[in-house]
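# Report on the structure
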Amino acid sequence: MRVAFCIENFVPARGGAEQYVKDLSLLFCREGHEVTVITMRSDVEPEEKLSILRVGIPRRPKFLRTLVFAWKCRSLVRKGDYDVVHSFGRTLGMDVFQPLGGSQMAGLVGNLRSIDNPLKRFFKILCYIFSFRRIAYFIIEKLQMKTARVVVAISGMVKNDVLRYTRLGRGKIRIVRNGVDLERFHPRNRELYRSEVRNGLGLSPDDILILFVAHNFRLKGLRPLLQALAVITETFPEKPFILGVLGEGKKKRFRTLARKWGVEDRVRFIGLKMDTSHYYAAADICVHPSFYDPSALVVLEAMASGIPVITTMFCGTSEIISEGREGYVVNTPNDIADMAEKIMILADPEARRRMGRQARSRAEEAPYVRNMQAILGIHNEYCRPRS
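Bear in mind that the values here come from a model prediction, so they are computed numbers and not experimental data.

Rules used in this analysis
Residues numbered from 1 in each chain as written. Predicted model: local features only at pLDDT ≥ 70, side-chain atom pairs only at ≥ 80, totals over all residues. Heavy atoms only, no water. Salt bridge = Lys/Arg side-chain N within 4 Å of Asp/Glu carboxyl O. Helix = DSSP H or I, 4+ residues; strand = E, 2+ residues; numbered from the N terminus. Buried < 20%, exposed > 50% of the residue type's maximum accessible area, 1.4 Å probe, protein only. Core = buried A, V, L, I, M, F, W, Y, C linked by side-chain atoms within 4.5 Å. Contact = heavy atoms within 4.5 Å. Axes fitted to C-alpha atoms, helices over the stretch in contact; angles between N-to-C directions. Parallel < 35°, antiparallel > 145°, perpendicular 65-115°, else oblique. Nonpolar A, V, L, I, M, F, W, Y, C, P; charged D, E, K, R; others polar. Pairing = 2+ DSSP bridges. Disulfide = S-S within 2.5 Å. Left-handed = near helix turned anticlockwise from the far one by under 90°.

Attention now goes to the pattern of salt bridges. Here the structure, examined in full by the defined rule, presents 18 salt bridges. Residue aspartate 161 is joined to arginine 164 by a salt bridge in which the shortest nitrogen-to-oxygen separation is 2.8 Å. In this pair, aspartate 161 and arginine 164 are both assigned in helix H6 (residues 156-165), three residues apart and thus about one turn of the helix distant. Overall, the relative accessible area of 7% leaves aspartate 161 in the buried class. Among the salt bridges present, the one from arginine 353 reaches glutamate 350, with a minimum N-O distance of 3.3 Å. With arginine 353 and glutamate 350 both in helix H13 (residues 349-363) and three residues apart, the pair spans about one turn of that helix. Its relative accessible area of 47% is what places arginine 353 among the partly exposed residues.

If you want it as structure tokens, here you go:
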């Protein structure tokens, strides 16, 4: 099968969506399919059966970049002899549309939810209303929902959002949950990397490392997590919780908040690391208190690594977590007391070990290959050769 994957940026270090497309592309190639990735930007090297087709577009204005890329993609896939065209971003001409970022409107609502200052939130709403780029996003999404043969949602939350904010019929949407690399993210990594990473972070064997992994610190809930850490530190100063922040975000603002709330000495800003599996091995708990995340790979990776997770109802991956079994789900990131209480429960080493084992067991139900097989099944069901 000749498959075209369309995504604006094919740079895996940018985040989970880009990494997912890379992993899916390589899995397809290993199964003997030919994959062409059509993109604006890529740092992935072509391989046997994997081609990268970069699309030239104007640098400014941003809204025009979106529209030009979408129309150029449509032109390219019409000329190419592809059996299936699968879009992950703002492109046109696809058979399968898989919005890895979720619904446009749901994303905007989540972003506004993450802004704690009412005045800033008001001005952000005005920016959205008068943003040509946002208007372009909604135009493209409307065309995608109308023209795609099938829409793939990566969680039940995304499916409900799409149905709520668009006129898509229920019969046109399928749920295919994300998968995880069960070999790369594995509990045995603790024996290999835990001591080295923790020593590098200046941790003692008794310290309890809470891992937060994200690039967009505000949207993914670093502020309320710092507040929860401050509550714990004030109430139980003897509990050796340390927060590790893995990813590239606006560190200066959050360092200031940590200092303001008296937890600066308990926070390590680690930065961007390619070997994320090593840091899961070093961690004791993963907290992902997101204001909006269609289906966090972070949560799956932590579970596969054998550590308990705490996330929110605004994260699609929360749907696979049973309360008190693999971890906990708080209703909203702004419920600081509840988040702090859940973290405190996991101060107990036995509770962490028990939930970590159950988290790994749950993650084993979601291997990458199952996700790929589900996508292939949809390709075969909905799409026909174009020759």
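By size, the foremost hydrophobic cluster in this structure holds 53 residues, and its most contacted members are Phe5, Tyr20, Phe28, Val37, Leu50 and Phe88. The contact partners of phenylalanine 28, leaving out residues within four places of it in the chain, are Val3, Phe5, His33, Val35, Met372, Ile375, Leu376 and His379.

Two elements in contact, helix H1 (residues 16-30) and helix H14 (residues 368-382), have axes separated by 10 Å at closest approach and are oriented at 75 degrees. Taken together, the axis directions place H1 and H14 in an arrangement best described as roughly perpendicular. Contacts between H1 and H14 pair Tyr20, Asp23, Leu24, Leu27 and Phe28 from the former with Tyr368, Asn371, Met372, Ile375, Leu376 and His379 from the latter. Residues of the contact of H1 with H14, tallied by class, amount to eight nonpolar, two polar and one charged.

Okay, the side chain of histidine 86 next. Mapping histidine 86 onto the fold places it in strand E6 (residues 84-87). With residues up to four places along the chain from it excluded, the contact list for histidine 86 reads Ala4, Phe5, Cys6, Val96, Gln98, Ile375 and His379.

Attention shifts here to the pairing of strand E3 (residues 34-39). Of all six residues that make up E3, five are buried, and the element is covered over most of its length. In the sheet, strand E1 (residues 2-6) pairs with E3 via five bridges, with the strands oriented parallel. Along E3, the bridge assignment pairs valine 3 with valine 35. Relative to strand E5 (residues 50-54), E3 runs parallel, the two sharing five bridges.

As a further point, take the state of the cysteines. Linking two cysteines covalently via their sulfur atoms produces the bond known as a disulfide. With the rule as written, the count across this model stands at zero disulfides. Here cysteine 6 stays free of any disulfide, with the sulfur of cysteine 73 as its closest cysteine sulfur at 4.5 Å.

Before going further, it helps to examine the packing of helix H8 (residues 222-235) against helix H9 (residues 251-260). Two measures define how a pair of helices packs: the angle their axes make with one another and the distance between the axes. The contact between H8 and H9 brings their axes to 10 Å, and the two run at 20 degrees. Accordingly, the angle class assigned to the pair H8 and H9 is roughly parallel. Where H8 crosses over H9, the two elements pack in a sense that is right-handed. On the side of H8, the interface is formed by Leu222, Arg223 and Leu226, while H9 contributes Arg253, Phe254, Leu257 and Ala258. Residue composition of the contact of H8 with H9, grouped by class: five nonpolar, no polar and two charged.

On to the sheet that holds strand E7 (residues 96-97). Strand order in the open sheet formed by seven strands is E5-E3-E1-E6-E7-E8-E9, with parallel pairing between adjacent strands. Two strands in the sheet have a free side with no partner beyond their single neighbour: E5 and strand E9 (173-175). Across the sheet, H14 is in contact with E1, E6, E7, strand E8 (150-153) and E9; its angle to E8 comes to roughly 170 degrees.

Keep in mind these values describe shape, not function.
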